[in-house]
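As a plain string of letters, each chain reads:
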Amino acid sequence: MSGGKTSASRVLAELDTIRADLEDCYRDVHAHPELGHQERRTSAKVAGRLRACGYEVHEHVGGTGVVGVLVNGTGPGVLFRADMDALPIKERTGLPYASTATDGDGRPVMHACGHDMHVTCLLGAARLLAQVKDAWSGTFIALFQPAEEPGDGADRMIADGLTDRVPRPDVCLAQHVLPYPAGRVLTRPGPTLSAADNYRVTVYGRSAHGSAPDKGVDPVVMASMLVVRLQTVVSREVAPLSPAVLTVGSIHAGTNPNNIPESAEIQLNVRTYGDDVRHQIADAITRIAKAESAASNSPRPPGIDRFGSFPPTVNDEKTTETITTAFSGFFADRAGALDLQTASEDFSEIPKAFGVPFTYWGIGCVDPAAYEAAARRGTLATDIPVNHSAAFAPVIQPTLDTGVQAAVVAALAYLGTEQE
Ligand code: ZN
Ligand code: ZN
């Protein structure tokens, strides 16, 4: 779209006038993180800012969700989503605006996934589009979603009537800060983020004195064998060119050294990129849990629950091509290709509910000089804190400018109009 770049430069010429305010906004949101479904301060701030620049604002969508709608003449509709929630992590960044917040139960809370940056970038883009309305035509929908981390924020907005409350967009867009050099924008067509599924597997034994194992059935040994056997699912059953991860992140049994307990529980996290492998692994977990129980002479079959599932994020090819072309035009060599990510997201539930295509891209947030130096030393893994680390600390600039620019450029790839 030839109009995209021209319109984007006109809108983004105004970024200088709001940059200082946006940086203050970012520091404020960062210092006041809120866990999923508790984003009351954040959503009130978002709603106030959207209203101040002329958006029709829908509040309390699915709890703390906020949607701003700006109808500006005729044309397509673009929905842009930012997630708002933080994590139960004690911040150790040493930043002057570091969080000291706790939730209602006294747990520390931190914006360790960068959702504060997503919120601020979308507020910036929303405001610029409202300030320069003659550069575009159509409908811009700024959606602020609660509870991405627990994975049910998008679903709750949809269950609360999202698709009836706001106009149906033609496309949905979203971005995430990632540990790449700040200033870079990274797109990817097709499979981009994994599906995630958690499982709780309980195996049953028969309790006995620790000195008399022959009188009982030991669920500790059973669970141990199960953990080891589960390691063969990805290494021995899934095709070598199909990426998948299976991690046993929790194992619990017993209370005393001299007592064989009644049961043992393990919790697993599985990441996959397509329904075939996702189902293959689900079937393997069930088969192995049952077989290990039988092998140990368990008195009853294992309990297997799936919980906390995220869908795979598979970017629409054509939408991604449109956005990639727009980014190349604006960012030149700062635009690049995103690697396949093992993280997961619930964003895709929103375009799915509207029945429209989507793409989701990454923006870098690490000081470029620090990144280069670590890459030269071969110490990226140890020296650059990643999302969900207590030391995760995006550099405000050029991350914030880049995120605002990316949002505006992407929206105007659909909404931009040629300059007279
Ligand atoms: Zn996260
Ligand atoms: Zn995140």
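Residues numbered from 1 in each chain as written. Chains lettered and ligands numbered in written order. Predicted model: local features only at pLDDT ≥ 70, side-chain atom pairs only at ≥ 80, totals over all residues. Heavy atoms only, no water.

Enquirer: So what's going on with the overall build of the protein chain? Which residues, and what values?
Expert: When helices and strands are tallied, the protein chain shows 13 helices and 16 strands. Seen through its C-alpha atoms, the protein chain measures out along the principal axes to roughly 85 × 50 × 45 Å. Of the contacts made within the protein chain by residues no fewer than 6 positions apart, 82% connect residues no fewer than 24 positions apart. As presented, the protein chain carries roughly 17,500 Å² of accessible surface, and 51% of it is formed by carbon and sulfur atoms. Looking at the protein chain, you have 36 positive and 49 negative side-chain charges, and the mean spots of the two groups are 3 Å apart. (Helix = DSSP H or I, 4+ residues; strand = E, 2+ residues; numbered from the N terminus. Contact = heavy atoms within 4.5 Å. Areas by Shrake-Rupley, 256 points an atom, 1.4 Å probe, with all protein chains shown as cover. Lys, Arg positive; Asp, Glu negative; His and termini not counted. Charge placed at Lys NZ, Arg CZ, Asp CG, Glu CD.)

Enquirer: I'd love a proper account of the pattern of salt bridges, names of residues and values included.
Expert: Under the definition given, this model contains 24 salt bridges. In this structure, the salt-bridge partner of arginine 81 is aspartate 346, at a minimum N-O distance of 3.1 Å. A residue pair is termed long-range when its members are at least 10 positions apart, and arginine 81 in strand S3 (residues 77-83) and aspartate 346 in the loop between strand S15 (335-337) and helix H10 (349-354) qualify at 265 residues. Each member of the pair arginine 81 and aspartate 346 is classed as buried. Linked through salt bridges whose partners overlap, the residues forming this network are Arg81, Asp83, Glu345 and Asp346. (Salt bridge = Lys/Arg side-chain N within 4 Å of Asp/Glu carboxyl O. Buried < 20%, exposed > 50% of the residue type's maximum accessible area, 1.4 Å probe, protein only.)

Enquirer: Please provide a residue-by-residue account of the packing of helix H2 (residues 15-31) against helix H13 (residues 396-415), values included.
Expert: Geometrically, a packed helix pair is captured by the angle between its two axes and the distance between the axes. Contact geometry of H2 with H13 gives a least axis separation of 11 Å together with a crossing angle of 115°. With respect to the hand of their crossing, H2 and H13 are arranged in right-handed fashion. Only Ile396, Gln397, Leu400, Asp401, Val404 and Gln405 of H13 make contact with H2, whose side of the interface consists of Leu15, Arg19, Leu22, Glu23, Tyr26 and Arg27. In the contact of H2 with H13, the residues fall into six nonpolar, two polar and four charged. (Axes fitted to C-alpha atoms, helices over the stretch in contact; angles between N-to-C directions. Left-handed = near helix turned anticlockwise from the far one by under 90°. Nonpolar A, V, L, I, M, F, W, Y, C, P; charged D, E, K, R; others polar.)

Enquirer: Explain the domain arrangement of the protein chain to me, using residue names and the numbers behind them.
Expert: Annotation of the protein chain at the domain level lists domain 1 (4-192 + 312-415) and domain 2 (195-310). Taken over C-alpha atoms, the centre of domain 1 sits 37 Å from the centre of domain 2. With 14 residues of domain 1 in contact, the opposing surface of domain 2 contributes eight residues. For the domain 1 and domain 2 pair, buried surface summed over both sides reaches about 850 Å², with 62% attributable to carbon and sulfur atoms. On inspection of domain 1 and its partner domain 2, the count reaches zero salt bridges. Summed over the shared surface of domain 1 and domain 2, the result is four residue pairs in polar contact (both at pLDDT 80 or more). Classifying every residue of the side of domain 1 that touches domain 2 by side-chain character gives five nonpolar, five polar and four charged. (Domains from an automatic or database assignment. Buried area = accessible area lost by both parts, 1.4 Å probe. Polar contact = N/O pair within 3.5 Å; in protein donor to acceptor, adjacent residues only side chain to side chain.)

Enquirer: How would you sum up the coordination of the zinc ion (ligand 1)? Please name residues and give values.
Expert: Protein coordination at the zinc ion (ligand 1): the donors are Cys113 (SG), Glu149 (OE) and His388 (NE2), at 2.0 to 2.2 Å from the metal. Coordination of the zinc ion (ligand 1) draws on donor residues from a single chain, spaced C-x35-E-x238-H in sequence. In this structure the zinc ion (ligand 2) is found 3.1 Å away from the zinc ion (ligand 1), and cysteine 113 serves as a bridging donor for the pair. Linking cysteine 113 in the loop between S3 and helix H4 (115-131) with histidine 388 in the loop between helix H12 (380-383) and H13, this pair joins segments that are 275 residues apart in sequence. Among the residues examined, cysteine 113 registers a relative accessible area of 8% and is labelled buried. A relative accessible area of 39% means that histidine 388 is categorised as partly exposed. (Donors = N, O, S within 2.8 Å, 3.2 Å for Na, K, Ca; no water.)

Enquirer: Lay out the nonpolar core with the relevant residues and their values.
Expert: Core analysis: the largest hydrophobic core is formed by 67 residues, its most contacted members being Leu50, Tyr55, Phe140, Phe144, Phe327, Trp361 and Val404. Ranked by the residues each element gives to this core, the list is headed by H13, at 13 residues. Not counting the four nearest positions on each side in its chain, phenylalanine 140 is found in contact with Tyr55, Gly68, Val69, Leu70, Val78, Phe80, Leu122, Ala126, Leu129, Ala411 and Leu415. Among the nonpolar cores identified, the runner-up in size contains 23 residues, and Met222, Leu230, Val238 and Ile285 belong to it. (Core = buried A, V, L, I, M, F, W, Y, C linked by side-chain atoms within 4.5 Å.)

Enquirer: Tell me about the pairing of strand S8 (residues 195-204), and name the residues and values.
Expert: Two faces belong to every sheet, and in a regular strand the side chains alternate between them. Within S8, nine of the ten residues are buried, leaving the element largely enclosed by the surrounding structure. Where S8 and strand S12 (residues 263-272) come together, ten bridges link them in antiparallel fashion. Within the sheet, the bridge partner assigned to aspartate 197 lies in S12 and is valine 270. Here six bridges tie S8 to strand S13 (residues 303-310), and the two strands are oriented antiparallel to one another. Each bridged residue has a counterpart across the sheet, and for arginine 200 the counterpart in S13 is aspartate 305. (Pairing = 2+ DSSP bridges.)

Enquirer: Please provide a residue-by-residue account of the sheet that holds S8, values included.
Expert: If you walk across this open sheet you meet the four strands as S10-S12-S8-S13, and the pairing is antiparallel. The open sheet has two edge strands with one neighbour each: strand S10 (245-253) and S13. Between one strand axis and the next, the sheet turns through 15° on average, direction left out of account. The strands that helix H7 (residues 219-237) touches are S8, S10 and S12; relative to S10, the one it contacts most, it runs at about 175°. Set on the sheet, helix H8 (residues 275-295) makes contact with S8, S10, S12 and S13; between it and S8 the angle comes to about 10°.

Enquirer: Lay out H7 in plain terms, naming residues and giving numbers.
Expert: Over its 19 residues, H7 extends 25 Å from the first C-alpha to the last, a length consistent with the 27 Å expected when each residue adds 1.5 Å. When we look at burial in H7, the residues that qualify are Pro219, Met222, Ala223, Leu226, Val227, Leu230 and Val233. Along the axis of H7, the buried positions cluster into a sector of 140°, meaning they face one direction only. For H7, the exposed residues set more than 90 degrees away from the buried face come down to Val228 and Arg236. In this structure, the buried residues of H7 make contact with S8, S10, strand S11 (259-260), S12 and H8. Regarding H7, its N-cap is aspartate 218, as a side-chain oxygen of that residue lies 2.8 Å from the backbone nitrogen of valine 220 further along. (Expected span 1.5 Å × (residues − 1). Arc of directions from axis to C-beta.)

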